[in-house]
Amino acid sequence: MNQILSLDHSLFFSINKGWQTPVLDFLMPLATRLGEVWLLGLLIIPLLYLTDKKRFLRNIAILLVVLLATGVIGRILKHVIDRPRPLKDMAGLIEAHQAIIHVLGNPLREYSFPSGHTLSVFSAATFLSFLFKKYSPLFFSLALLTGISRVYVGAHFPLDVLGGAAIGILVTWLICYVVRKYDPKYEPVKTKPSSSH
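Now for a look at the structure at hand. (Residues numbered from 1 in each chain as written. Predicted model: local features only at pLDDT ≥ 70, side-chain atom pairs only at ≥ 80, totals over all residues. Heavy atoms only, no water.)

### Section: the overall build of the chain
Turning to step 1, where the next piece is worked out: Along its length, the chain carries 9 helices and 0 strands.
Turning to step 2, where the next piece is worked out: Each helix (α) and strand (β) of the chain, taken in turn from the N terminus, gives the series α-α-α-α-α-α-α-α-α.
Turning to step 3, where the next piece is worked out: Here the C-alpha coordinates of the chain stretch approximately 70 × 40 × 25 Å along the principal axes.
Turning to step 4, where the next piece is worked out: Counting over 197 residues, the chain shows a buried share of 41%. (Helix = DSSP H or I, 4+ residues; strand = E, 2+ residues; numbered from the N terminus. Buried < 20%, exposed > 50% of the residue type's maximum accessible area, 1.4 Å probe, protein only.)

If you want it as structure tokens, here you go:
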């Protein structure tokens with residue numbers, strides 16, 4: 001376990017300090033906001049309406065269940081595991097001037113595992129990939145960027161991000177699986193075929 005935590009800390013500094021550039025200082029705080037539930041809803045709800053009006057309400061209901069379920073699970077795990085965030089975990093090293101953490105945004109210190117932003121965005125990516133399989137690489141690329149951004153802004157360790165991603169994918173997949181099992185007609189959104197003349 002100590003080796004895993006040591007690697008976790010090493011990867012944290014590789015991203016948090018090693019990647020530091022003015023461009024990423026601008027982009028990463030924007031990427032990290034994709035993990036905020038209200039913004040995810042603002043982006044996804046119009047997409048669901050425009051692409052599948054017939055099943056819009058059902059899709060919204062499933063999305064709400066997904067975000068609520070993963071949010072509750074994440075909140076419970078945060079308090080049960082009670083892992084300190086990088087600023088608190090390495091407070092001694094910081095005070096001794098042996099470590100510097102690049103922090104963008106609020107200086108958070110408590111409840112690090114799992115990363116809530118990462119959990120939410122990977123839940124949304126999994127849900128959207130179920131509906132729009134063709135675009136799953138895009139959804140998961142954006143989710144991965146958000147996860148990495150949580151390390152870059154100094155809010156989480158890589159393990160927190162990995163845990164959030166795994167939980168988000170697993171719980172959302174299970175929910176979609178149950179929906180599909182009890183409603184066989186519930187299928188991914190189909191692209192309308194072009195009319196031939």
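### Some words on helix 7 (residues 116–131)
Turning to step 1, where the next piece is worked out: An ideal rise of 1.5 Å per residue puts 22 Å on 16 residues; helix 7 measures up with 23 Å between its terminal C-alpha atoms.
Turning to step 2, where the next piece is worked out: When you tally the buried positions in helix 7, you get 14 out of 16 residues, the bulk of the element. (Expected span 1.5 Å × (residues − 1).)

### Digging into the packing of aromatic side chains
Turning to step 1, where the next piece is worked out: Under the counting rule described, the total for this entry stands at 5 aromatic pairs.
Turning to step 2, where the next piece is worked out: Their ring planes at 75° and their centres at 5.3 Å tell us that Phe12 and Phe13 sit as a pair that is edge-to-face.
Turning to step 3, where the next piece is worked out: By relative accessible area, which is 25% here, Phe13 ends up partly exposed.
Turning to step 4, where the next piece is worked out: Here the aromatic residues Phe12, Phe13 and Phe157 are joined through ring pairs into a cluster of three or more. (Phe/Tyr/Trp six-rings, centres within 6.5 Å; stacked < 30°, edge-to-face > 60°.)

### Details of the pattern of salt bridges
Turning to step 1, where the next piece is worked out: Taken as a whole and judged by the stated rule, the model has 5 salt bridges.
Turning to step 2, where the next piece is worked out: Between Arg83 and Asp8 there is a salt bridge whose closest N-O contact spans 2.8 Å. Note that Arg83 is positioned in the loop between helix 4 (56–81) and helix 5 (86–89) and Asp8 in helix 1 (residues 2–16), a separation of 75 residues in sequence. Per residue, the accessibility class of Arg83 equals that of Asp8, and both read buried.
Turning to step 3, where the next piece is worked out: Of the charged contacts in the structure, one is a salt bridge between Asp160 and Arg83, with a shortest N-O distance of 2.9 Å. Taken together, the residues Asp160 in helix 9 (residues 158–182) and Arg83 in the loop between helix 4 and helix 5 connect sequence positions 77 residues apart. No difference in accessibility class separates Asp160 from Arg83, as the two residues are buried. (Salt bridge = Lys/Arg side-chain N within 4 Å of Asp/Glu carboxyl O.)

### Points about the nonpolar core
Turning to step 1, where the next piece is worked out: Ranked by size, the top nonpolar core spans 27 residues in total, and within it Ile44, Leu48 and Phe127 carry the most contacts.
Turning to step 2, where the next piece is worked out: Those elements that place two or more of their residues in this core are helix 3 (37–51), helix 4, helix 7, helix 8 (136–152) and helix 9.
Turning to step 3, where the next piece is worked out: At 9 residues, helix 7 tops the list of elements feeding residues into this core.
Turning to step 4, where the next piece is worked out: Formed by 12 residues, the second largest nonpolar core is a distinct cluster that contains Phe12, Met90, Val151 and Val153. (Core = buried A, V, L, I, M, F, W, Y, C linked by side-chain atoms within 4.5 Å.)

### Brief notes about a nonpolar patch on the surface
Turning to step 1, where the next piece is worked out: A contiguous nonpolar surface patch, about 690 Å² in accessible area, is contributed by Leu170, Trp173, Leu174, Tyr177, Val178 and Tyr182.
Turning to step 2, where the next piece is worked out: Residue position: Trp173 is located in helix 9.
Turning to step 3, where the next piece is worked out: You can call Trp173 partly exposed: its relative accessible area is 48%. (Patch = residues over 30% accessible without salt bridge, like charges linked within 9 Å, V, L, I, M, F, W, Y side chains within 5 Å. Areas by Shrake-Rupley, 256 points an atom, 1.4 Å probe, with all protein chains shown as cover.)

### Brief notes about unusual backbone geometry
Glycine aside, residues mostly have negative phi, and peptide bonds are mostly found in the trans state.
Turning to step 1, where the next piece is worked out: A cis amide bond links Phe113 to the next residue, Pro114, at an omega of -5°.
Turning to step 2, where the next piece is worked out: Looking at the secondary structure, you find Pro114 in the loop between helix 6 (91–95) and helix 7.
Turning to step 3, where the next piece is worked out: Even without glycine at this site, His97 takes up a positive phi of about 60°.
Turning to step 4, where the next piece is worked out: If you trace the backbone, His97 turns up in the loop between helix 6 and helix 7.
Turning to step 5, where the next piece is worked out: Relative accessible area serves as the criterion here: at 74%, His97 is assigned to the exposed category.
Turning to step 6, where the next piece is worked out: Positive phi, close to 55°, is recorded for Tyr111, a residue that is not glycine.

### Topic: the environment of Lys17
Turning to step 1, where the next piece is worked out: Within the secondary structure, Lys17 sits in the loop between helix 1 and helix 2 (22–32).
Turning to step 2, where the next piece is worked out: Under the relative-accessibility criterion, Lys17 is labelled partly exposed at 33%.
Turning to step 3, where the next piece is worked out: Distance in space between the C-alpha atoms of Lys17 and Val66 is 34 Å, their sequence separation being 49 residues.
Turning to step 4, where the next piece is worked out: If we skip the residues at most four places from it in the chain, Lys17 touches Phe12, Ile100 and His102. (Contact = heavy atoms within 4.5 Å.)

### Some details on the environment of Val151
Turning to step 1, where the next piece is worked out: Along the polypeptide, Val151 turns up in helix 8.
Turning to step 2, where the next piece is worked out: Beyond its immediate sequence surroundings of up to four residues, Val151 is in contact with Phe12, Ile15, Asn16, His156, Phe157, Pro158 and Val161.

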